[in-house]
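Spelled out, the chains give:
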Amino acid sequence: MKFISKTLIPLLFVAASPALAVDLSGTPAQGGMVWGVTEPGAVVTLDGEAVMVGADGNFVLGFGRDAGASAELVITHAGGARETQTITIKDRHFDIERVDGLPPKTVTPPPEWQERRARETGMVREARSHLTGALDWLKGFIRPAEGRISGFYGSQRILNGQPRSPHYGLDIAAPIGTRIGAPAAGIIRLAVPDFLLEGGIVIIDHGFGVTSTLFHMNSVDVKVGDTVEQGQQIGTVGKKGRASGPHVDWRVNWRNVRLDPILLIEPEPMRAPF
C-alpha cells in the first residue's frame, strides 16, 4: 500500500510494500483523518471494525486523541484477495489549558440540569449517526470564522481551577456577531440556539460519518435538513453556554471518533500540529 499526499498538511506515512495497490492520503496521527480508494465491493476493516466503502470505492477513517501506536487496515476484495497494512500513528504532545471566569453551573452542572443534558447529548449522538455516501469531506475544509485561535484540540482542560476532560475542538475567538461559515458542504443534522453548555449549536453531515459541530453561537441561521455549501453562513459567533469569551468551538468527528480540525486545514503558523 503506497501513500500519496493530496493536502498541504505534512503526511507521516511510512513507506509500504509496492505490491499493494491502495493509495492512502491524510495524516496518520492522534486526531488525524486518513482516506483512500479501493475497488467497489471490497470490505474494509480497521482493527476489526467495519469501515464504510462507497459506490466508487472511497473510504475514510480516523484516529482519536489517545490512539495507540498503530492500527491494522484490512481490505478484502470481491474476489477474495486480502491486503493487510499496519498504519503507524504519530504520537502527539498536548498542552494543559487553564480557562477561568466560566459560569459555575457550566463547570459543575446542577442536578436539575441532568434530564435536559441527557436529551441534548442524545440529540448530538443521533445527529452524528448518519452514514451517507456524500463526498463533501473529500473536497477539503476551511476555517469557519476569522479570528485568533484560542484553544487547541487535545489540551487537558482546567476549568475554574478544576481538572476536566480534554478539549476536543479548535476554538476561534472573534467578536460577538462575527460570521460563521460551513467548514465544508453538507446537510444540517442539528440546529438549536440554546443548549445548556454549547449555546447555539449546529452539526453538519459531510458524508461517510464525518461531521462538523460548531457551538457557542450567538445566532443559528440554518435549520435541520438544509443543504449548505462550503463557506455559506450558518450563524454568528457568541459566548453562550460554557464560554469565558466570544468564540466558536469547531469539532470534527469520524463516527464517534473525535478528530483534530487543525489537521484538516493548513496548520496555523504560530503553532505546529505536532
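Model, not experiment: these values are computed from the prediction.

**Looking at the packing of aromatic side chains**
If you walk through the whole model with that rule in mind, you get four aromatic pairs. Pairing Phe-141 with Trp-250 gives two aromatic rings, centres 6.4 Å apart and planes at 35 degrees, and the pair type is tilted. One end of the pair, Phe-141, is in the loop between helix H2 (114-127) and strand S9 (148-151); the other, Trp-250, is in strand S19 (residues 247-254), and 109 residues separate them in sequence. Residue class for Phe-141 comes out buried when judged on its relative accessible area of 9%. For Trp-250, a relative accessible area of 0% gives the class buried. Chaining the aromatic ring pairs together yields one cluster made of Phe-94, Tyr-153 and Tyr-168. In this structure, Arg-258 packs its charged tip against the face of Tyr-168, placed 4.3 Å from the ring centre.

**Notes on the side chain of Glu-120**
Examined against the element boundaries, Glu-120 turns out to sit in helix H2. Taking the relative accessible area as the measure of exposure, Glu-120 reaches 4% and is therefore buried. For Glu-120, the side chain forms a polar contact with the side chain of Arg-116, separated by 2.9 Å. For Glu-120, the side chain forms a polar contact with the main-chain nitrogen of Leu-196, separated by 3.2 Å. Once residues lying within four places of it in the same chain are set aside, the contact partners of Glu-120 are Asp-194, Phe-195, Leu-196 and Glu-198.

**Quick notes on the sheet that holds strand S10 (residues 156-159)**
Taking strand neighbours across the sheet as the criterion, the three strands line up as S8-S10-S11 in an open arrangement whose pairing is mixed. One side of each edge strand has no neighbouring strand; the edge strands of this open sheet are strand S8 (96-99) and strand S11 (162-166). The average angle at which neighbouring strand axes cross in this sheet is 30 degrees, direction not considered. Bridge analysis of S8 against S10 gives four bridges, and the strand direction is parallel.

**Regarding the nonpolar core**
With 51 residues, the main nonpolar core has Met-33, Phe-59, Phe-63, Phe-141 and Ile-234 as its most contacted residues. A total of four residues in this core trace back to one element, the largest contributor, which is S19. Residues Val-124, Phe-195, Ile-203 and Phe-215 belong to the second largest nonpolar core, which totals eight residues.

Here is what the cut-offs are and how they apply
- Residues numbered from 1 in each chain as written.
- Predicted model: local features only at pLDDT ≥ 70, side-chain atom pairs only at ≥ 80, totals over all residues.
- Heavy atoms only, no water.
- Phe/Tyr/Trp six-rings, centres within 6.5 Å; stacked < 30°, edge-to-face > 60°.
- Helix = DSSP H or I, 4+ residues; strand = E, 2+ residues; numbered from the N terminus.
- Buried < 20%, exposed > 50% of the residue type's maximum accessible area, 1.4 Å probe, protein only.
- Lys NZ or Arg CZ within 6 Å of the ring centre and 35° of its normal.
- Polar contact = N/O pair within 3.5 Å; in protein donor to acceptor, adjacent residues only side chain to side chain.
- Contact = heavy atoms within 4.5 Å.
- Pairing = 2+ DSSP bridges.
- Axes fitted to C-alpha atoms, helices over the stretch in contact; angles between N-to-C directions.
- Core = buried A, V, L, I, M, F, W, Y, C linked by side-chain atoms within 4.5 Å.

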